[in-house]
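# Fold and geometry: a report
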Amino acid sequence: DPHIETFDGKEVDDFKTGAFWLVKADEVEIQGFGETTDYSPRKAVTKIVSIGGRKMKGKVLTIGARYADLNGKRVSGDLELPDILKIVYTENGTLVDIPKNTPNTSKKHIVHVKVLDGTPDGIVIQVDRWFQSPTNEYINVRITMRPLPG
């Protein structure tokens, strides 16, 4: 279930299970992982996103529907690592995608990540977390960034 819009405006849908690259550049690497759920048995949904690369200075942030880990240690709230990243948990924000058959989207679970890359805007990753049931957990991800070499 990644619906990807590339920098040149192309749209790509990829419903396969397994790991896939969202961004692979010298400065930052962002990888997703897709699996099927009971709700979506034939098409994979995004279950995990991992953020690493040179701008993360040896750190890897992994976010799933119910957790976020930084280098394998649980992140349970807002976090700021100077010159690396900021993480904010909130119920505020416009959803990346409103899931079908979702009874109530008023209770949002959003993780906002900003990788500090030396530009005013940084690399912004929004992760909407969905966990209606243990067999239907997934995330939606929006990445806002400038094109990077690599």
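Since the model is a prediction, treat every value here as computed from it, not as a measurement.

### Looking at the overall build of the protein chain
- Along its length, the protein chain carries 0 helices and 13 strands.
- What you see in the protein chain, going N to C, is helices and strands ordered as β-β-β-β-β-β-β-β-β-β-β-β-β.
- Here the C-alpha atoms of the protein chain give a radius of gyration of 15 Å, agreeing with the 15 Å that 2.2 N^0.38 yields for 150 residues.
- Taken along its principal axes, the extent of the C-alpha atoms in the protein chain is 40 × 35 × 25 Å.

### Focus: the sheet that holds strand β11 (residues 110–115)
- The strand order β9-β10-β11-β12-β13 describes an open sheet built from 5 strands, whose pairing is antiparallel. This sheet does not close on itself; its edge strands, each paired only once, are β9 (79–81) and β13 (137–144). Sheet twist, expressed as the average angle between the axes of neighbouring strands with direction ignored, equals 15°.
- Here 6 bridges tie β11 to strand β12 (residues 123–131), and the two strands are oriented antiparallel to one another. Of the residues in β12, the one forming a bridge with isoleucine 110 is aspartate 128.

### Here we look at the sheet that holds strand β5 (residues 45–52)
- A sheet is described by the order of its strands in space; here 6 strands give the open sequence β3-β4-β5-β6-β7-β8, paired in antiparallel fashion. Only two strands of the sheet have a single neighbouring strand rather than two, namely β3 (18–24) and β8 (73–74).
- Bridge count for strand β6 (residues 61–64) against strand β7 (residues 68–70) is 3 bridges, and the pairing is antiparallel. Looking across to β7, one finds that leucine 61 is bridged to leucine 70.

About the thresholds
Residues numbered from 1 in each chain as written. Predicted model: local features only at pLDDT ≥ 70, side-chain atom pairs only at ≥ 80, totals over all residues. Heavy atoms only, no water. Helix = DSSP H or I, 4+ residues; strand = E, 2+ residues; numbered from the N terminus. Rg over C-alpha atoms; globule rule 2.2 N^0.38 Å. Pairing = 2+ DSSP bridges. Axes fitted to C-alpha atoms, helices over the stretch in contact; angles between N-to-C directions.

In short, the description is geometric, and any link to function would need to be established separately.
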